[in-house]
Amino acid sequence: DDGVLVTNIFSGRPGLESHLNLLRRAFPGRLLYLTDEHRGNLIVMAFVRAQGHPSWRTLTERARQLEAFYGLEFPTFVGRLKERNAHDSGCLFI
């Protein structure tokens with residue numbers, strides 16, 4: 001009931017929009033997109049349940065914790081969520 005599907009799609013691939021449309025139909029209003037600026041990949045997260053409107057502050061704090069633990073650039077990922085997802089200055093809409 002609280003699952004998430006994460007898929008990595010090459011954004012230069014023919015048929016990208018048809019694949020995204022299938023995901024949009026299966027998970028209406030519950031998709032997040034994250035671009036990979038170096039490799040042309042599009043990471044899509046599809047949530048079983050709506051995730052509400054997490055604040056940028058909460059997301060950034062959690063990203064810093066994950067970066068410290070895993071050594072990956074999670075704060076950068078949070079910043080890139082603004083590129084293709086609904087949001088305002090205070091929060092991300094999922």
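The structure we're discussing is the one just above.
Residues numbered from 1 in each chain as written. Predicted model: local features only at pLDDT ≥ 70, side-chain atom pairs only at ≥ 80, totals over all residues. Heavy atoms only, no water.

The subject of this paragraph is the side chain of R80. Its location among the elements puts R80 in helix α3 (residues 74-84). On the basis of relative accessible area, R80 is assigned to the buried category, the value being 8%. Contact partners of R80, with chain neighbours within four places excluded, come to L34, T35, D36, E37 and E73. (Helix = DSSP H or I, 4+ residues; strand = E, 2+ residues; numbered from the N terminus. Buried < 20%, exposed > 50% of the residue type's maximum accessible area, 1.4 Å probe, protein only. Contact = heavy atoms within 4.5 Å.)

Moving on to a nonpolar patch on the surface. Taken together, the side chains of F69, Y70 and L72 make up a nonpolar region of the molecular surface, amounting to roughly 390 Å² of accessible area. In this fold, L72 is placed in the loop between α2 (56-70) and α3. (Patch = residues over 30% accessible without salt bridge, like charges linked within 9 Å, V, L, I, M, F, W, Y side chains within 5 Å. Areas by Shrake-Rupley, 256 points an atom, 1.4 Å probe, with all protein chains shown as cover. Salt bridge = Lys/Arg side-chain N within 4 Å of Asp/Glu carboxyl O.)

The next thing to look at is the pattern of salt bridges. Side-chain pairs of opposite charge can arise whenever the charged atoms involved come near each other. Tallied over the entire structure, the rule returns three salt bridges. Ionic pairing is found between D2 and R49, a salt bridge with its closest N-O pair at 3.0 Å. One end of the pair, D2, is in the segment before β1 (4-10); the other, R49, is in the loop between β3 (41-47) and α2, with 47 residues separating them in the sequence. The class of R49 is partly exposed, set by a relative accessible area of 43%. Note that R24 is salt-bridged to E17, the shortest N-O span being 3.3 Å. The class for E17 is partly exposed, based on a relative accessible area of 43%.

An order of β1-β3-β2 is seen for the three strands of this open sheet, with the pairing classed as antiparallel. The sheet terminates laterally at β1 and β2 (31-36), the two strands that pair on one side only. Neighbour-to-neighbour, the strand axes of the sheet open up by a mean angle of 20°, direction not taken into account. When β2 meets β3, the two strands line up antiparallel, connected through six bridges. Bridge assignment links L31 to a residue of β3, and that residue is A46. Strands in contact with α3 are β2 and β3; relative to β2, the strand with the most contacts, it is inclined by about 115°. (Pairing = 2+ DSSP bridges. Axes fitted to C-alpha atoms, helices over the stretch in contact; angles between N-to-C directions.)

Turning our attention to the pairing of β3. A large share of β3 lies buried, amounting to six of its seven residues. Alignment of β1 against β3, held across seven bridges, turns out to be antiparallel. Among the inter-strand pairings, V6 is bridged to a residue of β3, identified as M45.

Two elements in contact, α2 and α3, have axes whose closest approach is 7 Å; the angle formed by their N-to-C orientations is 145°. Two secondary-structure elements touch here, α2 through W56, L59, T60, A63, R64, L66, E67 and Y70 and α3 through F74, P75, V78, L81 and K82. The residue inventory of the contact of α2 with α3, partitioned by class, reads nine nonpolar, one polar and three charged. (Nonpolar A, V, L, I, M, F, W, Y, C, P; charged D, E, K, R; others polar.)

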